Amino acid sequence: MGRHGTIAGRKASQDSKRAAIFTKYARAITVAAKNGGDPEYNAALKVAIEKAKSINLPNDNINRAIKKGTGELEGETYEELNFEGYGIGGVAVIVEALTDNKNRTTAAVRSTFDKYGGNLGAPGCVSYMFARKGVLIIEKTDAIDEDTLMEAALEAGAEDMVVHEDAFEIQTEPAVYTDVHSALTAAGYELLESDIEYVPSMESAPSDEHDIKKLKKMIDILEDNDDVQKVHHNCSIDLEEFE
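I will try to describe carefully the structure that is included in this document. This one's a predicted model, so the numbers in the text were calculated from it and none came from an experiment. (Residues numbered from 1 in each chain as written. Predicted model: local features only at pLDDT ≥ 70, side-chain atom pairs only at ≥ 80, totals over all residues. Heavy atoms only, no water.)

Along the polypeptide, Ala97 turns up in strand E2 (residues 91–99). On the basis of relative accessibility, which here comes to 4%, the residue Ala97 falls in the buried class. As a C-alpha pair, Ala97 and Val228 span 131 residues in sequence and 4.2 Å in three-dimensional space. (Helix = DSSP H or I, 4+ residues; strand = E, 2+ residues; numbered from the N terminus. Buried < 20%, exposed > 50% of the residue type's maximum accessible area, 1.4 Å probe, protein only.)

A negative phi angle is the norm for most residues apart from glycine, just as the trans form is the norm for most peptide bonds. With a phi close to 65°, Asn56 is a non-glycine residue in the positive phi region. Along the polypeptide, Asn56 turns up in the loop between helix H3 (43–54) and helix H4 (59–70). What makes Asn56 exposed here is its relative accessible area of 59%.

Taken together, four strands build an open sheet; the order of strands is E3-E1-E2-E8 and the sheet is antiparallel. Each edge of the sheet is formed by a strand with only one pairing partner; in this case those strands are strand E3 (119–120) and strand E8 (228–233). Here strand E1 (residues 79–87) pairs with E3 via two bridges, running antiparallel. From the neighbouring strand, Tyr86 faces E3, where its bridge partner is Asn119. Strands E1, E2 and E8 of the sheet are contacted by helix H8 (residues 209–224), whose axis makes an angle of about 155° with E8. (Pairing = 2+ DSSP bridges. Contact = heavy atoms within 4.5 Å. Axes fitted to C-alpha atoms, helices over the stretch in contact; angles between N-to-C directions.)

Moving on: helix H5 (residues 102–115). Over its 14 residues, H5 runs 20 Å from end to end, which matches the ideal 20 Å to within 8%, given 1.5 Å per residue. What H5 keeps buried is the set Thr105, Val109, Thr112 and Phe113. Mapping the buried residues of H5 onto a view down its axis gives an arc of 100°, with all of them on the same face. Exposed side of H5, more than 90 degrees from the buried face: Asn103 and Lys115 are the residues found there. (Expected span 1.5 Å × (residues − 1). Arc of directions from axis to C-beta.)

Topologically, Thr30 is positioned in helix H2 (residues 18–32). A sequence separation of 174 residues divides Thr30 from Ser204, and the C-alpha atoms of the two residues are 35 Å apart. In contact with Thr30, not counting residues within four places along its chain, are Ala65, Lys68, Gly69 and Tyr78. For Thr30, the side chain forms a polar contact with the main-chain oxygen of Ala65, separated by 2.9 Å. (Polar contact = N/O pair within 3.5 Å; in protein donor to acceptor, adjacent residues only side chain to side chain.)

Looking now at the sheet that holds strand E6 (residues 167–172). Read from one edge to the other, the open sheet built from four strands follows the order E5-E6-E4-E7, with strand pairing classed as antiparallel. On the outer flanks of this sheet lie strand E5 (160–163) and strand E7 (193–200), each paired with one strand and no other. Sheet twist, expressed as the average angle between the axes of neighbouring strands with direction ignored, equals 30°. Pairing between strand E4 (residues 130–139) and E7: eight bridges, direction antiparallel. Opposite Leu136, over in E7, you have Ser194 as the bridge partner. Along the sheet face, helix H7 (residues 177–186) touches E4, E6 and E7 and points at about 5° away from the line of E4.

What follows is the structure in structure tokens.
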């Protein structure tokens, strides 16, 4: 599955990073809650809470994160930052961060790129190779009829559905992402993963195994950073296969 990896690989990766993921999801809720603490009137918050529940983030953590966002609880103020650059082998990388300390995060991201043969660039240096899309992943099972799922997705406003070996990947324009998310969950579909992502329109495939391992290490270290929400890249090779 290239960019997304296999479902088994992704689940294993998520399990190994559970503590970092808890922190990231709580921050995402806090930022979404700045626009209102009631998920019924704040679609972004509703999606953030659903995703947090899917990884078993405790309700206390969820409620605390909402209250920090609405100002009921004193907490850190998070700033959204995006970094762009190249990993070793010419792979384009975008790093999305939520941080309470811009200097700390910038220094950490820059040193990780440098250490593993990458180069952090100026804003816009690689983002032209990606399209901003809502992406919803549903695991393939015997219970899911491909045509019925596609019809439900398109009816809700989705743009396209890509069929992978073990999953369906539904793509939407960012503006209708929450509508499609709500429609599919209301129809009883279980979303394995869903987010607004940078989907590569141009892909890169490094051939040197040493380079691929260094690229995977760089991405793993970036993802383990509490300030980093998501790392996007245009490598068409399944990095989970390289340790």
